[in-house]
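Structural features, examined
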Amino acid sequence: MRQIGGIGRDITDERATAKRMEVLVAELQHRTRNLIAVVRSMADKTLRSSGDLLEFRSSFRERLDALSRVQGLFSRLKDGDRVTFDELIHTELAAHGVTKGQSGSTIVEGPADVRLRSTTVQTLAMALHELATNAVKYGALGQSSGQLMITWSLEPSGPGNKPWLHIDWRETGIVMQPPGSAPRGSGQGRELIEQALPYQLDAKTSYELLPDGVHCTISVPVSATTLEGNEHESSDPA
Ligand SMILES: Nc1ncnc2c1ncn2[C@@H]1O[C@H](COP(=O)(O)OP(=O)(O)OP(=O)(O)O)[C@@H](O)[C@H]1O
Ligand SMILES: [Mg+2]
């Protein structure tokens, strides 16, 4: 039963909640539109690079799945939280059958809790997806002699006085195509890393096909809150 009149209620909290909901809905609308644009561009690119519909179907599905994993990470965040790089890399590797803690031919090493900027997460996830897919198709996750080493480090004050994340993806023990051969597919993976990442994220990247495997480096500015989070975890005075 509702009681009307007589008792004054403090509605400050309710107002604040209503305002917050408004902000959240606006944010959600913005993200949804952004996501539709990303899916459209992904569809266009995959279509351009596919020989037939079957090829389109499998590449497009894989890319959509990668995008959906990122949304999953976002949806688990609590207020003020950020997706961290270790979450992102382990999620992507798990999707390709490499589980955390698994020893063997894959080494994954770097500081926990490098908090990514929300604008970085999606594109970086797609780049990791392209690297992992390539590793399955041509490299360390597909050849039994292959080794994959993914390491990363945090530079507290990099270019622009911002904290930067440096990622190093190195495959070894791979039987490569002869130097100078044309890409086996359309070359979208490499294009994303060499062109889209620097353009969209201010990233610095390198991508080399060495005689025994791929070597790719990606450096991106990360959330300034990363440093706050690391203060009590790191015993390294630097
Ligand atoms: N991990 C790897 N190991 C060995 N060779 C690789 C690896 N990654 C890429 N390559 C070589 O580099 C080429 C370019 O890779 P890229 O991802 O740009 O294109 P793709 O995989 O062939 O096509 P798409 O990514 O558009 O499906 C590949 O065709 C392959 O020959
Ligand atoms: Mg590829």
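Overview of the structure.

Quick notes on the rules
Residues numbered from 1 in each chain as written. Chains lettered and ligands numbered in written order. Predicted model: local features only at pLDDT ≥ 70, side-chain atom pairs only at ≥ 80, totals over all residues. Heavy atoms only, no water. Near = heavy atom within 4 Å. Polar contact = N/O pair within 3.5 Å; in protein donor to acceptor, adjacent residues only side chain to side chain. Areas by Shrake-Rupley, 256 points an atom, 1.4 Å probe, with all protein chains shown as cover. Helix = DSSP H or I, 4+ residues; strand = E, 2+ residues; numbered from the N terminus. Nonpolar A, V, L, I, M, F, W, Y, C, P; charged D, E, K, R; others polar. Pairing = 2+ DSSP bridges. Contact = heavy atoms within 4.5 Å.

Time to look at the site of ligand 1. Near ligand 1, the surroundings consist of 21 residues, among which Asn-134, Tyr-138, Arg-184, Gly-185 and Ser-186 are the closest. A distance of 3.2 Å is found between an oxygen atom of ligand 1 and a side-chain nitrogen or oxygen belonging to Lys-137. Here a nitrogen atom of ligand 1 and a side-chain polar atom of Glu-171 are 2.9 Å apart. Protein chains bury 95% of the 590 Å² of accessible surface belonging to ligand 1 in isolation. Put simply, the parts of the chain that give the shell around ligand 1 at least two residues each are helix 4 (118-138), helix 5 (188-201) and strand 4 (204-210). For the shell around ligand 1, the element with the most residues is helix 4, which contributes five residues. Its residues assigned to classes, the shell around ligand 1 shows seven nonpolar, eight polar and six charged.

Turning to the pairing of strand 3 (residues 164-172), a few remarks are in order. Of the strand pairs in this sheet, strand 2 (residues 147-155) and strand 3 are connected by nine bridges, and their pairing is antiparallel. Bridge pairing links Gln-147 to Thr-172 in strand 3. One ladder, built from seven bridges, connects strand 3 with strand 5 (residues 213-221); its direction is antiparallel. Following the sheet pairing, Ile-167 is matched in strand 5 by Ile-218.

Moving on, we come to the environment of Ala-140. Take Ala-140: it is sitting in the loop between helix 4 and strand 2. In sequence terms Ala-140 and Val-214 are 74 residues apart; their C-alpha atoms lie 9.0 Å from each other. In this structure, Ala-140 is in contact with Ala-135, Gly-146, Gln-147, Leu-148, Glu-171 and Ile-174, ignoring residues within four places of it in sequence.

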